[in-house]
Amino acid sequence: MSEPLAVSRRRLLQLATAAFVSWQAAPWADRLTAFAGNPGGTTSDAMTTTLEAFADTLIPGAKRYDGDYAVAGVARGPGAVHAGAVDLMWFPGAAIGPALPALAGYLSTRASAYAMKHRLRLDPTLPPFVALSFADRTRLLLELLDPSGQDYLAWWALAAMPFLAFHTAGHLHTADAVRRGHPGLRWIGFPHPDRDGLWRFRRFSYRRRLAHRHPHTTRNGNPR
């Protein structure tokens, strides 16, 4: 039963990659390179902090430590950041790593413009998007992800990463992630595999067998 699960995870990554490739081929994509570089602000890596704040806005979680500015702490339990959203962003299979500095820089630029428009005073020691309240981060992402915006594919590609990280641990081997207590998979109750790393689901979800096993089915559940 593991192969359909693996295909599903691969397909999700392909969809996220396709969104990025579509954006990359667009005639306006080159404008983002002007914003590449360190957004500046915290004692930690400001680009990572900005990407974490982006991920936490989509799937929020609890603060990891006192003074955690990236994770707003508006929800209990793990969120996208705990589930490795930034690691997945840099995962080669996701294909958006080269664009991350530009996206983080552009996100800071848009956050600064948003703050000016709404007359918000931001903490100058933080990257602009991180300095926004969770409510303002959410409002800004609604603008960025609006399909009517010409840059929306870029943000859709980036927004896919938190969901993939939390619900699939797409940058990790599924069986290993489950056994090691991946925060997202554990939170959604993802089942543990058998000892050999395969999922067989001996209990039928419909309380009854829906079909008999085909005689040409292999031990792994694939057609012969």
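For the structure itself, consult the block above.
What counts, and at which threshold
Every chain is numbered independently, its residues counted from 1 as its sequence is written. At least 70 in pLDDT is required for a residue's local features to be given in this predicted model, at least 80 for side-chain atom pairs to be given and counted, and no such filter applies to totals for whole chains, interfaces and linings, which use all residues. Where side-chain values are given, they derive from all heavy atoms of the structure, hydrogens and water being excluded. Helix and strand labels come from DSSP, where a helix needs a run of H or I of at least four residues and a strand needs a run of E of at least two; each type is numbered from the N terminus. Think of it in three bands: with a 1.4 Å probe and only protein chains considered, a residue is buried below 20% of the maximum accessible area for its type, exposed above 50%, and partly exposed in between. In this description, contact between two residues means that some pair of their heavy atoms is separated by no more than 4.5 Å. In protein, a polar contact means a hydrogen-donor-capable atom and an acceptor-capable atom, both N or O and within 3.5 Å, with residues adjacent in sequence counting only if both atoms are side-chain atoms; elsewhere, any N or O pair within 3.5 Å suffices. Whenever a carboxyl oxygen of Asp or Glu lies within 4 Å of a side-chain nitrogen of Lys or Arg, that contact is scored as a salt bridge.

Undergrad: Go over the environment of Asp136 with me, naming the residues and quoting the values.
TA: Turning to its location among the elements, Asp136 is positioned in helix H6 (residues 134-144). Since its relative accessible area comes to 12%, Asp136 is described here as buried. Ignoring sequence-local partners within four residues, the contact set of Asp136 consists of Tyr114 and Leu120. Reaching out from Asp136, the side chain makes a polar contact with the side chain of Ser133 at a distance of 3.0 Å. At 3.1 Å, the side chain of Asp136 forms a polar contact with the side chain of Arg139.

Undergrad: Describe the pattern of salt bridges, naming the residues involved and giving the relevant values.
TA: Scanning the model with the defined rule gives five salt bridges in all. Two residues, Asp194 and Arg200, come together in a salt bridge whose shortest N-O distance is 2.7 Å. Where Asp196 meets Arg200, a salt bridge forms, and the shortest distance between an N and an O atom there is 2.6 Å. Taken together, the shared-partner salt bridges connect Glu52, Arg64 and Asp68 into one network.

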